[in-house]
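# Fold and contact review
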Amino acid sequence: MPDIDIRRAHALPVKDAKTRVEHIAARIAERFDVEYGWRGNVLRFSRSGVDGEIAVSAKDLRVSVRLGFLLFALRGAIEREIHDTIEQHFKG
């Protein structure tokens, strides 16, 4: 079971939603040295202490993150950052 589980509805074509998720992943990779890659419509990412995925469908996206022991203490801050980043890229 993920430590962070976020769903966000969208009205974009899957291709456009994946492009926005790709931008999010590139930003995260740059800031936090995260490796990521796509498997179909699911972007999987990992680094020491964290791994997860962003699944994109025609109606929503779902972010699932598993945190290691040390990062679990920062769960609230990490979850807020994910919400803010999604809102930035998927608003209106």
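Residues numbered from 1 in each chain as written. Predicted model: local features only at pLDDT ≥ 70, side-chain atom pairs only at ≥ 80, totals over all residues. Heavy atoms only, no water.

## A look at the overall build of the chain
Here is the rule: Strands are runs of DSSP state E lasting at least two residues, helices are runs of H or I lasting at least four, and both sets are numbered from the N terminus onward. Computation of the radius of gyration draws on C-alpha atoms alone. For the globule rule, the value is 2.2 Å times the number of residues to the power 0.38. Whether a residue is buried, partly exposed or exposed follows from its accessible area with a 1.4 Å probe, protein chains only, as a fraction of its type maximum: under 20%, in between, or over 50%, in that order. Throughout, a residue-residue contact means that at least one pair of heavy atoms, one from each residue, lies within 4.5 Å. Exposure was quantified through the Shrake-Rupley algorithm and a 1.4 Å probe, taking into account, for residues, occlusion by the shown protein chains and nothing else. We score Asp and Glu as negative and Lys and Arg as positive, and we do not count His or the chain ends. By convention, the charge on Lys lies at NZ, on Arg at CZ, on Asp at CG and on Glu at CD.
Across its full length, the chain carries three helices and five strands. From first element to last, N terminus to C terminus, the chain shows the α and β order β-α-β-β-β-β-α-α. Against the globule reference of 12 Å for 92 residues, the chain gives a C-alpha radius of gyration of 12 Å, in line with a compact fold. Each principal axis of the C-alpha distribution contributes one length, and for the chain these read about 35 × 25 × 25 Å. Residues counted as buried form 27% of the 92 residues belonging to the chain. The contacts of the chain with a sequence gap of at least 6 include a subset with a gap of at least 24, amounting to 49%. Entry remark: accessible area of the chain is about 6000 Å², with carbon and sulfur atoms responsible for 53%. Averaging the coordinates of the 16 positive side-chain charges in the chain and doing the same for the 14 negative ones gives two points 4 Å apart.

## With respect to the pattern of salt bridges
Side-chain pairing between opposite charges can occur once the charged atoms of the two side chains come close. Worth spelling out the cut-off: For this document, the term salt bridge refers to a Lys or Arg side-chain nitrogen within 4 Å of an Asp or Glu carboxyl oxygen.
Tallied over the full model, the rule gives eight salt bridges. Arg 7 serves as the salt-bridge partner of Asp 60, at 3.5 Å between the closest nitrogen and oxygen. You can see Asp 60 sitting in strand E5 (residues 60–67) and its partner Arg 7 sitting in strand E1 (residues 4–9), a full 53 residues away along the chain. The residue Arg 44 makes a salt bridge to Glu 53 at a minimum N-O spacing of 2.5 Å. Each of Arg 27, Arg 31 and Glu 81 takes part in a single network of salt bridges with overlapping partners.

## Focus on the nonpolar core
We apply this condition: Nonpolar core, defined: a set of buried Ala, Val, Leu, Ile, Met, Phe, Trp, Tyr and Cys residues in which side-chain atoms within 4.5 Å join the residues together.
Within the largest apolar cluster, 19 residues are counted, with the highest numbers of intra-cluster contacts made by Val 63 and Val 65. Elements with a contribution of two residues or more to this core: E1, helix H1 (14–32), strand E3 (42–47), strand E4 (50–56), E5 and helix H3 (75–90). Not counting the four nearest positions on each side in its chain, Val 63 is found in contact with Ile 4, Asp 5, Ile 6, Glu 53, Ile 54, Ile 82 and Ile 86.

## Points about the packing of aromatic side chains
Using the following cut-off: Aromatic pairing here means that ring centres of Phe, Tyr or Trp (its six-membered ring) are within 6.5 Å. Orientation follows from the plane angle: under 30 degrees is stacked, over 60 is edge-to-face, and everything else is tilted. Sitting over a ring, as applied to charges here, requires NZ of Lys or CZ of Arg to be within 6 Å of the ring centre and within 35 degrees of the ring normal.
Taken as a whole and assessed by the stated rule, the structure comprises zero aromatic pairs. Positioned over the ring face of Phe 90 is Arg 20, at 6.0 Å from the centre of the ring.

## Examining the side chain of Thr 85
With respect to the helices and strands, the residue Thr 85 is situated in helix H3. The residues touching Thr 85, leaving out its near neighbours within four places in the chain, are Ile 24 and Arg 27.

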